[in-house]
Amino acid sequence: AGPPVRLLDTPEANGFPAVAGAGGGDFVIFYTVFINPCELRGQKFTMNMLKSGPSFLVSTGSGACAGATRATANAAGDVMVVWATDPGPDQIEPVRVRAAIYPALVSPKP
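All chains use their own residue numbering, which begins from 1 and follows the written sequence. Only residues with pLDDT of at least 70 get local features here, since the model is predicted, and only at 80 or more are side-chain atom pairs given and counted; chain-wide, interface and lining totals rely on the full set of residues. Calculation of side-chain values draws on the structure's entire complement of heavy atoms; hydrogens and water are dropped beforehand.

## Side note on the nonpolar core
Phase 1: Definition of nonpolar core: a set of buried residues of the types Ala, Val, Leu, Ile, Met, Phe, Trp, Tyr and Cys, connected through side-chain atoms within 4.5 Å. Relative accessibility thresholds used throughout: buried, under 20% of the residue-type maximum; exposed, over 50%; partly exposed, between the two (1.4 Å probe, protein chains only). By size, the foremost hydrophobic cluster in this structure holds 16 residues, and its most contacted members are Phe 30, Phe 56, Val 58, Val 81, Trp 83 and Tyr 102.
Phase 2: Helical segments are the DSSP runs of H or I of at least four residues, strand segments are the runs of E of at least two, and each set is numbered from the N terminus. Counting only elements with at least two residues in this core, the list comes to β1 (14–21), β2 (27–33), β4 (56–60), β5 (65–73), β6 (79–86) and β7 (96–102).
Phase 3: Take this core: its biggest share by element is three residues, from β6.
Phase 4: Leu 7, Phe 27, Tyr 31 and Val 33 belong to the second-largest nonpolar core, a separate cluster that totals seven residues.

## Overview of the pattern of salt bridges
Phase 1: Just to be clear on terms, a salt bridge is a Lys or Arg side-chain nitrogen sitting within 4 Å of an Asp or Glu carboxyl oxygen. Taken as a whole, this structure holds two salt bridges when the rule is applied.
Phase 2: Residue Lys 44 is joined to Asp 26 by a salt bridge in which the shortest nitrogen-to-oxygen separation is 3.5 Å. Taken as a pair, Lys 44 in strand β3 (residues 39–45) and Asp 26 in the loop between β1 and β2 lie far apart in primary sequence, 18 residues in all.
Phase 3: With a closest N to O distance of 3.2 Å, Arg 41 and Glu 39 form a salt bridge. Assigned by exposure class, Arg 41 and Glu 39 land together as buried.

## Re the environment of Gly 53
Phase 1: Examined against the element boundaries, Gly 53 turns out to sit in the loop between β3 and β4.
Phase 2: Between the alpha carbons of Gly 53 and Gln 43 there is a distance of 7.7 Å; along the sequence they are 10 residues apart.

## Side note on the sheet that holds β4
Phase 1: Criterion used throughout: strands pair if DSSP finds at least two bridges between them. Read from one edge of the open sheet, four strands run β1-β2-β3-β4, paired in antiparallel fashion. Edge positions in the sheet fall to β1 and β4, since each has one partner strand and no second. Taken over all neighbouring pairs, the strand axes of this sheet differ in orientation by 20° on average, direction set aside.
Phase 2: Across seven bridges, β2 lies against β3 in antiparallel orientation. Among the inter-strand pairings, Thr 32 is bridged to a residue of β3, identified as Leu 40. Every axis corresponds to a line fitted to the C-alpha atoms, with the helix fit spanning only the stretch in contact, and the corresponding angles, defined between N-to-C directions, vary from 0 to 180 degrees.

Okay, here's the thing in structure tokens:
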């Protein structure tokens, strides 16, 4: 293990990260960007911690930000991300759990 590395360098504040990887060594980080409306985004990285392609939009909150984010990958390299939307104390909408699956997003296990 080496020193920490800054993987996300965005001008907006971000948080609630989750990571998923498979046997090929590449991985995906999912994170919430705190803009109005909030966005849940993903960014793929190589095993050398280099970005692989542009970040991608998973979900745009409509008055609710994504939090409690979790992610996992299966042996085929499919990635699932799950999150909860929390509208905050001023909203009457309940917390909702959502999910998305990205087929073959990371390298499969050999």
